[in-house]
Amino acid sequence: MRRLLRFGLMLLALSAGWALAGAPKPFAADTPAELAKRFAGKPYLLAFWSVDCPHCQGELELFARLLREQPDLPVLLVSVDAPELAPQVTARLAELGLGNADNWQFADARAARLRFAIDRQWRGELPRSYWFDAAHRVQGVSGAVSEMALRHWLKSGSD
Amino acid sequence: MVRRLLLVAALAVGWAQAAPPKHDMAAMWSAQQAVARPLAVAVAFDDAGRLWLARVESGRLKVAQSEDNGRHFTWPVTVNALPETIAAEGESRPQIAVAADGTVHVLWNIALAKPYTGHVRYSRSTDGGRSFSAPVTVNDDRAEISHRFPALLVAGKRVLIAWLDARERQAALAAGEKFAGASLYVTESTDGGASFGANRRFAAHSCECCRLAVAWRGNEAMAFWRQVFDGNVRDFALADLSEPGQLMRASDDDWRIDGCPHHGGALAADGQGGLHLVWFTQGQARQGLFYRRYDGQKFSAPYKFGNDAAQAGHPAVVATGRTITVAWLEYDGQANRVWTMQSRDGGRHWVQARSMASSEGTVDYPILLNRQGKPWLVWHSEREGLRAMAVAK
């Protein structure tokens, strides 16, 4: 009986965790500036993806693995899907075990407007990642990032 | 015991409710296709200067025509009586062409339940757009895989359809092999679209999500598309699709990207054997928008245009005699803007670019057309609707 109770408590805790892991936060035109403030003097990685981007799925699986190893990695996942696709975005993140990651989603269907706030040169190709070092010098990469490159980035940031 | 069972049952219910929703890629894909704002339109001028428009409304492709360059349109005629999940956004676009005999050809893409899958659909009107034939599926492979991004070329009774097809990729993956990109497939009708020949594979390893650009050079059905070259280099290729043959490498930008740019190029033929190409790249060799000419023997040096700091992209090109007109899209932080630039000597020199139209809402790509020998710009945007305007020489 005690074992069962413990099992029950564990389930309750888990379900509470899931309930908290809600929809991604809205990524607006002023979000990049807010993030720069939040990570003042610290490195972080912005990774953009969408539910209809085949090449993004493998990269998300890689992030899921890395975040399981080190849950406090400064990795922010941003879906560029239109706001009405929030349920699909949330479902995909949950399936990958990324429900508790630092998740964001474009808050405006005018994606060009939000891309402009991030990088005026980014035409929307996916996946797209931006690595900000501690001094917030930024490096942008189009296409899936290799595990080696990601580990190198994350390691150089923590030194 | 009963209490214990009840507890287990309660926990089981709790578990079922708390479990994360199973990720249903099929449902997700369908939802995405259904909510996608169908901004992408197909337009064409016929020989009499009438503007034809095909657009998607509630799962139906609708065709209308305008006698006054798009200010007023006829009541639209429905092509597909049964609603379909029609892809009409960005690179995935319906197509329309009007033959010299007045036959109206339309082509579109339906999204299937599985992600990244689709069929190519075709219909025609032989009564001046009053009614359309029952739609047919063009791809003879009916597997639930990608047959998408169709392009249409019409000249007299010849109707050539090209698209990106995943059947080779699928076969390779099933055999445990790797396969880069998709394949370029073609089918042709010689009876004005009444019947089509067998599907023919033209080239393997096309980039899988970039639109095809096509144009007639005499009897040659020329295509310009993003190809996956060795080393995952996604540069452009050029080929005559009407005969089995080799493709030519049309850009050497060296864009190695493990992803799809969703950014096809555009192609125009000038009627004197010259081809005019515009494209986007972020390669090692060059970045941004570029124009180059192909005279049948050699390519001119890539000519850069557009403002990289304003997301310059999605170029279009039209040739009207020796005048070459290029259009593209920019976003300046406030509004989307269509820019044009022109050359009066077949693409050798260019006159300064100018802004043609703007919109602060969501927008389609700019489209350039030849209206009785004059270049016209057509642009569809959410707030302003369809705008058509002559590009002055």
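Each remark here, short or long, concerns the structure printed above.
Quick summary incoming for the structure in this document. Residue positions are given per chain, counted from 1 along the sequence in the order it is written. Lettering for chains starts from A, numbering for ligands starts from 1, and both go in the order in which the items are written. Reporting in this predicted model follows two pLDDT cut-offs: at least 70 for local features of residues, and 80 or more for side-chain atom pairs to be given and counted; totals over whole chains, interfaces and linings ignore these cut-offs and use all residues. Computation of side-chain values covers all heavy atoms of the structure but excludes hydrogens and water.

### As for the overall build of chain B
- For chain B, the count of helices and strands is three helices and 27 strands.
- Oriented by its inertia axes, the alpha-carbon framework of chain B measures out at about 90 × 50 × 50 Å.
- Relative accessibility decides the category of a residue: with a 1.4 Å probe and only protein chains considered, values under 20% of the type maximum give buried, values over 50% give exposed, and everything between is partly exposed. A total of 393 residues make up chain B; the buried ones form 59% of that total.
- Here, two residues are considered to be in contact whenever any of their heavy atoms come within 4.5 Å of each other. A sequence separation of at least 24 residues applies to 49% of the contacts in chain B between residues at least 6 apart.
- For the area figures, the Shrake-Rupley method with a 1.4 Å probe applies, and any residue is considered shielded solely by the protein chains shown. On chain B, roughly 16200 Å² of surface is accessible, and the fraction owed to carbon and sulfur atoms is 50%.
- His is not counted here, nor are the chain ends, while Lys and Arg score as positive and Asp and Glu score as negative. For charged residues, the charge sits on one atom: NZ in Lys, CZ in Arg, CG in Asp, CD in Glu. One way to put it: in chain B the 44 positive side-chain charges average out to a point 2 Å from where the 39 negative ones average out. Going along the chain from the N terminus, every DSSP run of H or I of four or more residues is numbered as a helix, and every run of E of two or more is numbered as a strand.

### Quick word on the state of the cysteines
- Working definition: a disulfide is two cysteine sulfur atoms within 2.5 Å of each other. Under the definition given, this model contains one disulfide over all chains.
- One disulfide bridge connects C53 of chain A with C56 of chain A, the sulfur atoms lying 2.2 Å from each other. Looking along the S-S bond of the C53 of chain A-C56 of chain A disulfide, the torsion reads about 90°, which is the right-handed sense.
- For C53 of chain A, a relative accessible area of 3% corresponds to the buried category.
- In this structure C209 of chain B is a free cysteine whose sulfur lies 3.9 Å from that of C260 of chain B, the closest cysteine sulfur available.
- For the unlinked cysteine C210 of chain B, the closest cysteine sulfur is that of C260 of chain B, found at 3.9 Å.

### Re the sheet that holds strand β19 (residues 287-294) of chain B
Residue and element names in this part refer to chain B.
- With antiparallel pairing, the four strands of this open sheet are ordered in space as β17-β18-β19-β20. Both outer strands of the open sheet, β17 (266-269) and β20 (303-305), are each paired with one neighbouring strand and no more. Going across the sheet, the axis of each strand differs from the next one's by a mean of 25°, ignoring polarity.
- DSSP-based pairing: two strands are paired if at least 2 bridges between them are found. Across three bridges, β19 lies against β20 in antiparallel orientation. The residue of β20 that forms the bridge with Y291 is Y303. Note on method: axes are straight lines fitted to C-alpha atoms, helices fitted across the in-contact stretch only, with angles between N-to-C directions ranging 0 to 180 degrees.

### Examining the pattern of salt bridges
- Each reported salt bridge corresponds to a side-chain nitrogen of Lys or Arg within 4 Å of a carboxyl oxygen of Asp or Glu. Scanning the model with the defined rule gives 31 salt bridges over all chains in all.
- Of the charged contacts in the structure, one is a salt bridge between R158 of chain B and E188 of chain B, with a shortest N-O distance of 2.6 Å. Of this pair, R158 of chain B sits in strand β10 (residues 158-165) while E188 of chain B sits in strand β11 (residues 182-189), and the two are 30 residues apart along the sequence.
- Of the charged contacts, one joins E384 of chain B and R387 of chain B as a salt bridge, the two residues approaching to 3.9 Å between their closest N and O atoms.
- Three or more residues are tied together by salt bridges with common partners; here these are R65, E69, E147 and R151 of chain A.

### Focus on the sheet that holds strand β5 (residues 95-98) of chain B
Residue and element names in this part refer to chain B.
- Pairing is antiparallel across the open sheet formed by four strands, whose spatial order is β5-β6-β7-β8. The strands lining the two open edges of the sheet, one partner per strand, are β5 and β8 (136-137).
- Relative to β8, strand β7 (residues 118-125) runs antiparallel, the two being bridged by two bridges. Residue pairing in the sheet places R121 in a bridge with T137 of β8.

### Description of the environment of H136 of chain A
Residues and elements named next belong to chain A.
- Within the fold, H136 resides in the loop between β5 (128-132) and β6 (138-142).
- C-alpha of H136 to C-alpha of A36: the two residues are 100 residues apart in sequence and 7.7 Å apart in space.
- When residues no more than four places from it in sequence are discounted, the contact partners of H136 are A36, F39, A40, G41, K42 and Y44.
- A distance of 2.9 Å separates a polar side-chain atom of H136 from the backbone oxygen of F39.
- Two N or O atoms form a polar contact when they lie within 3.5 Å of each other; inside protein one atom must be a possible hydrogen donor and the other a possible acceptor, and for residues adjacent in sequence the pair counts only when both atoms belong to side chains. Of the polar contacts made by the side chain of H136, one reaches the backbone oxygen of K42; its length is 2.9 Å.

### Side note on the nonpolar core
- Take the buried residues of types Ala, Val, Leu, Ile, Met, Phe, Trp, Tyr and Cys, join any two whose side-chain atoms come within 4.5 Å, and each joined set is a nonpolar core. F27, L46, F48, L77 and L98 of chain A are the most contacted members of the largest nonpolar core, which totals 41 residues.
- Taken together, the elements giving at least two residues each to this core come down to β2 (44-49), α3 (54-69), β3 (75-79), α4 (86-95), β4 (102-106), α5 (111-118), β5 and α6 (147-158) of chain A.
- Counting residues per element, this core draws most heavily on α3 of chain A, at seven residues.
- Those residues in contact with L46 of chain A that sit more than four places away from it in its chain are F27, L35, L76, V78, R128, S129, Y130 and F132 of chain A.
- By size, the runner-up hydrophobic cluster in this structure holds 26 residues, among which are C209, C210, V233 and C260 of chain B.

### Observations regarding helix α2 (residues 31-38) of chain A
- Of the positions making up α2 of chain A, those classed as buried are T31, P32 and L35 of chain A. Down the axis of α2 of chain A, the buried side of the element spans an arc of 100°, and every buried residue falls inside it. Note: the arc covers the axis-to-C-beta directions of the helix.

### Some details on the pairing of β5 of chain A
All names here are of chain A.
- Within β5, five of the five residues are buried, which leaves it mostly tucked inside the rest of the structure.
- By the alternation rule, side chains of β5 split into R128, Y130 and F132 and S129 and W131, which are all buried.
- Here β2 pairs with β5 via five bridges, running antiparallel. Bridging from a neighbouring strand, Y44 pairs with F132 of β5.

### Examining unusual backbone geometry
- Cis geometry marks the peptide bond from L126 of chain A to P127 of chain A; its omega dihedral reads -10°.
- Along the chain, P127 of chain A turns up in the loop between α5 and β5.
- Its identity is not glycine, yet H205 of chain B carries a phi of approximately 70°, on the positive side.
- When you line up the elements, H205 of chain B lands in strand β12 (residues 200-206).
- Located in the positive-phi region is Q311 of chain B, a residue other than glycine, with phi close to 55°.
- Its place among the elements puts Q311 of chain B in the loop between β20 and β21 (313-320).

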